[in-house]
Amino acid sequence: MKRALLALALLAAAGQAEAQTLADGQIIRGHFTQERHLQGFANAIKSDGHFVLAAGHGLLWVTEQPFAVTTAITAEGLTQSVGGKQTAKFDAQRLPVLSRIYAMMSGALAGNWDTLKADFSVQREGAHIVLTPLRAETTGAAVGKISLVVSHFVDEVEIERPNGDSDHIVFSSQTLSAGPLSAEESSALGQLHP
Amino acid sequence: MRRIAAALWLAVVLAACLHVGLTVRRGLPLESDLMALLPTEKLDPGVRQAEEAINVQLSRRLIVLFGSTDATAARSAAEDLNYRLRESGLLTSASDIPDADAIKRLGAAYFPARAGLLAEEDRHRLMDGQGEELLERALGQIFGFGGIADGRLLARDPFLLFPAFLTALPMPSGRAHLEDGHPVIEDQGLTWVGVTGVLAGDATSLSFQKHFAEMFGAPPPGVKILRLGAIFYASAGTGSALKLSSAIGGVSLLATALLLLIVFRSVRPLLLGLLSVAVGLIAALSACLLVFGTLHVAAQLFGASLIGIAADYSLLYFAQIFSPARDANQRLRQVLAGISLGMGTTVIGYLTLALSPFPGLHQVALFSAVGLLAAYATVVVWFPLLDRLPAKPLTPALNRAAVRVEAFWAGRGRTVAALVGLVLGVAGYALLSIDDDVRHQQALDPALSAQQIDVQRLLGWAPSNQFFLVEGADDEEALQREEALAERLRPAAEAGILASWMAPAGFVPSEARQEADRALIEERLVRPYLPDLSAKLGMPLSAPDTGPPLTLQAVRDSGAIALLPAMLISPGRHIVLLQDVHDLTALAKVADGLPGVRFVDPTGEISAVLTAYRQRSVLLLAASVLLMAPLVAWRYGLRGILPVLGPPALAIILTPALLALIGLPFTFFTALGLVLALSIGVDYAVFCAEDGRLAPVTMLGVTLAMASAVLSFGLLAVSEIEGMRTFGAAMLVAVPLAWAMAPLAAWAKKRKR
């Protein structure tokens, strides 16, 4: 989860660094394909779907294939539902890491790189950005290295973990809009405090 | 003969001075725990042991949070304090928030036993046949964004039950995370950085408090501070008790001095009066130090009040300079019987305090009795040698006032007063309420109480005063009983009776439960759903290996659960901590019928003991009247008992009614006040009875005594400590009442010997 939020933070931050600042209420929508490589598993676990990143609200990560899994992350915490039924819910009050990282994400959304620089060293080479955690005992326990390919938006993310697992995510068809969230999206993001 | 007695008494007083002087040079061994006023006797030694264990573990715990919008400032304030407290050896032991290593050790202790570990919610899902939900959750975590999926974990725990178990542990400090050993909490734009630990000394020890206060210092400007810990309450309590004690002593002394100067228009009665009081205090201090080794702050408070009472003998003596008595010896002869009898009855009254089982009151009893005896001895042995004052006429104004008092009781005033007293008494007793709640008897600093609520909100856990004591033949049985208790507490928490609880079994399920959960997982999850999960992942998966069961010892040794050692008193004896109890009465009944489980409410127990002793001290009052009666009968005959003991008895019977009329409840401390008021009232009655004709000088002496008693005891009515306040209020009403009725005692005919 920690890893997930970090990825989210980076996603947003990197996107903004390259392009326009994501103002409160602005929304990025797009498609993703994810390949998860787990130690001891011969085959990668593949999934694809779409995501909605709404500044000031949170992130909706909707896996469509092979299962319908929806993950919603907001300042209050994280919920997950499978086939429309909630299967997991983590309150940021209970897991302080969530709110801390959410704070970082908010900073990043506002284009504030300092928030990230407190936890990562940032190296850029053209379209390639590499982030390495500064402290092994905190963020370093969850993330080994994060590599990004950035154009107008973030196109690819590779997250490597200290235990040898890694996620490779490729984004496509990303759009930026100022429009409001759909009713469905709002309710999915509002599940923690209905 | 008289000179030999005076010289002997001088030797005793000098010895006491030397003793007290030497002790003061070494530093007075003062004690400040207000609870020491309360009885040590408890119903059950097992419960008491549990309370003490909890007390040592919890009362020595310390949490200080520094908050600022500037995280660096908050952090450096915390680091600074941490350094000072640990360098000076005041704070030992690590923080309440486990560090990364402790968490790793905890994980290492849990992991091998994972086949039998289930989160509460997951257990219910499996028991309800909802295993499919757990399959879906695992799929969500593996395929969804983020999740706790980990390749190596998944191979050993395919349904990810272990992370669910860990997240469901009733861990404290939900919102804090550790940064370089300091808990850090982000809240409403402020960064809070904490210092936590366990005090190396006793929070109620005055010298420890002093050292702590020196090292604690003040937070830097712009940084807010929140404090939680018994030491802060104790320091605040001691501070106000000491300040109040010296203020009462000072005001009482000043007012008494002024009174003497105005009435006698000479400095000698004042100086000699002070001498007798000082000798009383020194002797009392010396005796208390000899007998108890330490001096309780409460005893000091009463000691301050003693100043007023010990002055009575000098006052009655010096009132005689307005009488026809020619010299010091004649004056003493005039009052000797009165003050001797008064001293006797008062000491009887004070010593009945020693019959109570309250250790603090034993000190007070000894302090007052010794102080009075010494002051009395000073008057009797030294005054005739030191008093060189010529006789003086009484000022006409004072004379008239004294005559008027006498006339009032001789005339119709008596009937009017009786009627008024009857009406007020009946009305007051109809309104009388009783209050035994010990929490009302102590003053807790409101600022600290507010800070405590903030700290609890930020850290997410602070145990309440009540707890469940769970006992079994061994740890396994105790854990099983806690699991049975949890079945009752869960619906209670849902009903809002309490917020949450923390039991050893919440961290370490009993072996019986681990065995049952292992079977449950195998039967309801692995067998029906594992092939499905394997197919969806395209990977063969296996059920978790069955390892050795989890032991209490392994989890305790990890050091990751700071409160766990506090909950384990001894093998088979555990404590279940509670948080935010909203309905004490309902909670007390939750464990009814569960074997080996007892609800313990230390505050409630003390309140129950206060009830018992409030009732007992009313009996004490009756007892002291009975104890005084033979002495009175010896002097005035059987018929003298009613006139002499009647007025003070009536005064203390009327007092609770009058207090009720102004809305004050009857408490144990009211009863204590009445015990003392009775002794004092009997003094006045005896002084009047000794002088059958009620000479104005006697009335003057008694009135001066009453004024100084009200000045000293009555001043306690302004105390911040509720118990002291009710005590003071009782004195403030009872003593003037006893004074007003004392002239009735003049009817007692002195028995001719």
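What counts as what
Residues numbered from 1 in each chain as written. Chains lettered and ligands numbered in written order. Predicted model: local features only at pLDDT ≥ 70, side-chain atom pairs only at ≥ 80, totals over all residues. Heavy atoms only, no water. Helix = DSSP H or I, 4+ residues; strand = E, 2+ residues; numbered from the N terminus. Contact = heavy atoms within 4.5 Å. Areas by Shrake-Rupley, 256 points an atom, 1.4 Å probe, with all protein chains shown as cover. Buried < 20%, exposed > 50% of the residue type's maximum accessible area, 1.4 Å probe, protein only. Pairing = 2+ DSSP bridges. Expected span 1.5 Å × (residues − 1). Core = buried A, V, L, I, M, F, W, Y, C linked by side-chain atoms within 4.5 Å. Phe/Tyr/Trp six-rings, centres within 6.5 Å; stacked < 30°, edge-to-face > 60°. Lys NZ or Arg CZ within 6 Å of the ring centre and 35° of its normal. Axes fitted to C-alpha atoms, helices over the stretch in contact; angles between N-to-C directions. Patch = residues over 30% accessible without salt bridge, like charges linked within 9 Å, V, L, I, M, F, W, Y side chains within 5 Å. Salt bridge = Lys/Arg side-chain N within 4 Å of Asp/Glu carboxyl O.

**Some details on the overall build of chain A**
When helices and strands are counted, chain A shows five helices and 11 strands. The contacts of chain A with a sequence gap of at least 6 include a subset with a gap of at least 24, amounting to 45%. Carbon and sulfur atoms make up 51% of the accessible area of chain A, which amounts to about 8000 Å² in all.

**Focus: the overall build of chain B**
Along chain B, the regular secondary structure elements total 28 helices and 13 strands. Long-range contacts, defined here as pairs at least 24 residues apart, represent 82% of the contacts in chain B between residues at least 6 apart. Approximately 30900 Å² of chain B is accessible, and the part contributed by carbon and sulfur atoms is 63%.

**Here's the deal with the pairing of strand β2 (residues 45-54) of chain A**
Residue and element names in this part refer to chain A. Counting buried positions over the 10 residues of β2 gives seven, a clear majority of the element. Pairing of strand β1 (residues 27-37) with β2 involves 10 bridges; the strand directions are antiparallel. Within β2, the residue paired with Arg29 across the bridge is Val52. Linking β2 to strand β3 (residues 58-65), which pair antiparallel, is a turn of three residues; within it Gly56 sits at a positive phi near 85 degrees.

**Overview of helix α11 (residues 268-292) of chain B**
Residue pairs three or four apart in sequence face the same way in an α-helix, which turns once every 3.6 residues. For α11 of chain B, built from 25 residues, the straight-helix expectation of 36 Å at 1.5 Å per residue is met to within 8% by its first-to-last C-alpha distance of 35 Å. Phi turns positive one or two residues past the end of α11 of chain B, at Gly293 of chain B, with a value near 85 degrees.

**What to know about unusual backbone geometry**
A cis amide bond links Gln65 of chain A to the next residue, Pro66 of chain A, at an omega of -5 degrees. Here the phi dihedral of Ser173 of chain A falls at roughly 50 degrees; this positive angle occurs in a residue that is not glycine. Of note, Ser173 of chain A is situated in strand β11 (residues 166-177). Look at Leu160 of chain B: it is not a glycine, yet its phi comes out positive at around 55 degrees. Along the polypeptide, Leu160 of chain B turns up in the loop between α7 (151-156) and α8 (161-168).

**Some points on the nonpolar core**
By size, the foremost hydrophobic cluster in this structure holds 91 residues, and its most contacted members are Phe264, Ile339, Tyr684 and Phe713 of chain B. When residues no more than four places from it in sequence are discounted, the contact partners of Ile339 of chain B are Tyr313, Leu316, Tyr376, Val379, Val380 and Phe687 of chain B. Residues Leu38 and Ile45 of chain A together with Ala102 and Leu469 of chain B belong to the second largest nonpolar core, which totals 59 residues.

**A short note on the packing of aromatic side chains**
All names here are of chain B. Applying the stated criterion across every chain, the model contains 16 aromatic pairs over all chains. Ring centres of Phe111 and Phe162 lie 5.4 Å apart, and the angle between their planes is 75 degrees; on these two criteria the pair is classed as edge-to-face. A residue pair is termed long-range when its members are at least 10 positions apart, and Phe111 in the loop between α4 (100-110) and α5 (120-127) and Phe162 in helix α8 qualify at 51 residues. Exposure remark for Phe111: the relative accessible area of 25% places this residue in the partly exposed category. Looking at Arg114, its charged tip hangs above the ring of Phe111, at a distance of 4.2 Å from the centre.

**Structural notes on the sheet that holds β2 of chain A**
Residue and element names in this part refer to chain A. With respect to topology, 11 strands assemble into an open sheet ordered β6-β5-β4-β3-β2-β1-β11-β10-β9-β8-β7, the strand pairing being antiparallel. Of all the strands in the sheet, just β6 (85-91) and β7 (120-125) have a single pairing partner and so form its edges. When the angles between neighbouring strand axes are averaged without regard to direction, this sheet yields 15 degrees. Looking at chain direction, strand β5 (residues 77-82) and β6 are connected through six bridges and run antiparallel. Bridged to Thr79 within β6 is Lys89.

**Topic: a nonpolar patch on the surface**
Residue and element names in this part refer to chain B. On the surface, Leu253, Leu261, Val267, Leu271 and Leu274 cluster together into a nonpolar patch covering about 400 Å² of accessible area. Every element with two or more residues in the nonpolar patch is listed here: α10 (230-264) and α11. Tracing the backbone through its elements, the reader meets Leu274 in helix α11. The exposure class assigned to Leu274 is partly exposed, which follows from its relative accessible area of 35%.

**Notes on the side chain of Gln320 of chain B**
Residue and element names in this part refer to chain B. Note on placement: Gln320 falls in the loop between α12 (297-319) and α13 (328-355). Classification of Gln320 by relative accessible area gives buried; the value is 6%. Leave out the neighbours within four places in its chain, and Gln320 touches Ala325, Arg331, Gln334, Val335 and Val697.

**Description of the pattern of salt bridges**
Residue and element names in this part refer to chain B. Evaluation of the coordinates by the stated rule reveals 22 salt bridges over all chains. Where Arg490 meets Glu120, a salt bridge forms, and the shortest distance between an N and an O atom there is 3.2 Å. Of this pair, Arg490 sits in helix α18 (residues 475-494) while Glu120 is found in helix α5, placing the two residues 370 residues apart along the sequence. The class for Arg490 is buried, based on a relative accessible area of 19%. One salt bridge in this structure joins Glu487 and Arg490, with 3.5 Å as the shortest N-O distance. Pair noted here: Glu487 and Arg490 are both in helix α18, with a separation of three residues, about one helical turn. Given a relative accessible area of 36%, Glu487 falls into the partly exposed group. A single network of salt bridges, built from pairs that share partners, joins Glu120, Arg123, Glu487, Arg490, Arg513 and Asp517.

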